[in-house]
Amino acid sequence: MNTPSTPHAPVVVTAELDSRLSRWLWLVKWLLVIPHWIVLFFLWIAFLVVAVIAFFAILFTERFPRGLFDFNLGVLRWSWRVSYYSYGALGTDRYPPFSLGPEPGYPARLDIAYPERLSRSQVLVKWWLLAIPHYLVIAFFTGGMEVHWWSGGLITLLTLIAGFAVAFTDRYPRDLFALIVGLNRWVLRVAAYASLMTDAYPPFRLDQGGDEPVVGTAR
C-alpha cells in the first residue's frame, strides 16, 4: 500500500537527521550522486509523460491509474532521498538506494495517499493556473520554476550553510534543519499537486521539522 500510515495530510514528508555526520563528506557528495542524477534525468522524462497520460485518464475517468500513480510517486521518493543526502538538506550520510519503492528504513521518506477520485474540472487548471502562486514561491526556494534541489536558491544556500556548520562545529543546527525540511516539504506538496496526484491544494504554510504535522494543528 502506498498510503500514509498516519492521519496526516495527503502528502506526507518526513526526515530524520543523522546523529553524527561526516565533517567533510558533503564536499564530494556532488560527485557521489552523479549516478543518481543520470538515472533521475530519464525518470523525470518518464514522469512528465506519465503525468500527461494521467491528465487524459482523469479527464475521462476521474481516476489516476494506480500503476502510473505508483511510478510517479516512486520518482518523487527517489528524488527526495537523493536531495536529502545531497544539497537539498545534507541530512544523512547514508547513500540513497536506487529504488522507486518506499524504503521505510531510509531517513528521508515521502508518501502520497492514492485518491480514488479526482476532479475533472480541476485537472484542467490546477497544474498551471491554480498552482501559479506556489510556483512563484518555490522558484525562490529552488532557484527556478522546475522542481530541482540542485539548481541553487534558498534551499541550496541554507544547506551549504549547514554543511559549513557541520565542518567547523561537528553539529547540524537543529533550527536550520527544521527550516530546510519545511522548505522541501512545501516543494514536494506543490510537486504532488501540480503533477495531478492530489486535489488537496497545498497550504501556504511553512511546516518545519522532520515530522509531518497533524492536520489542524499549528507548528
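What this report covers is the structure whose coordinates are included nearby.

Cut-off values and rules
- Residues numbered from 1 in each chain as written.
- Predicted model: local features only at pLDDT ≥ 70, side-chain atom pairs only at ≥ 80, totals over all residues.
- Heavy atoms only, no water.
- Helix = DSSP H or I, 4+ residues; strand = E, 2+ residues; numbered from the N terminus.
- Buried < 20%, exposed > 50% of the residue type's maximum accessible area, 1.4 Å probe, protein only.
- Contact = heavy atoms within 4.5 Å.
- Areas by Shrake-Rupley, 256 points an atom, 1.4 Å probe, with all protein chains shown as cover.
- Axes fitted to C-alpha atoms, helices over the stretch in contact; angles between N-to-C directions.
- Parallel < 35°, antiparallel > 145°, perpendicular 65-115°, else oblique.
- Nonpolar A, V, L, I, M, F, W, Y, C, P; charged D, E, K, R; others polar.
- Pairing = 2+ DSSP bridges.
- Polar contact = N/O pair within 3.5 Å; in protein donor to acceptor, adjacent residues only side chain to side chain.

## Overview of the overall build of the chain
Per the secondary structure count, the chain includes seven helices and two strands. Helices and strands in the chain line up, N terminus first, as β-α-α-α-β-α-α-α-α. Counting over 219 residues, the chain shows a buried share of 50%. Here the contacts in the chain between residues at least 6 apart in sequence split such that 73% fall between residues at least 24 apart. Here the chain displays about 10,100 Å² of accessible surface, and carbon together with sulfur accounts for 69% of that area.

## Topic: the packing of helix α2 (residues 34-61) against helix α4 (residues 120-130)
Close contact between α2 and α4 brings their axes to 7 Å; oriented N to C, the two are set at 150°. Considered as vectors, α2 and α4 are oriented roughly antiparallel to each other. Where α2 abuts α4, its residues F55, I58, L59, F60 and T61 lie against R120, V123, L124 and W127. By residue class, the composition of the contact of α2 with α4 is seven nonpolar, one polar and one charged.

## Describing the pairing of strand β2 (residues 108-112)
Most of β2 is tucked away, with four of its five residues classed as buried. Note that strand β1 (residues 11-15) and β2 share five bridges and pair antiparallel. Bridge pairing in β2 links T14 to R109.

## Details of the environment of L157
Positionally, L157 belongs in helix α6 (residues 154-169). Here the alpha-carbon distance between L157 and G143, two residues 14 residues apart in the chain, equals 9.9 Å.

## What to know about the side chain of E212
Looking at the element boundaries, E212 is found in the segment after α7 (174-194). Judged by relative accessible area, E212 falls into the buried class, the value being 4%. A distance of 2.8 Å separates a polar atom in the side chain of E212 from the backbone nitrogen of V13. At 3.0 Å, the side chain of E212 forms a polar contact with the side chain of R185.

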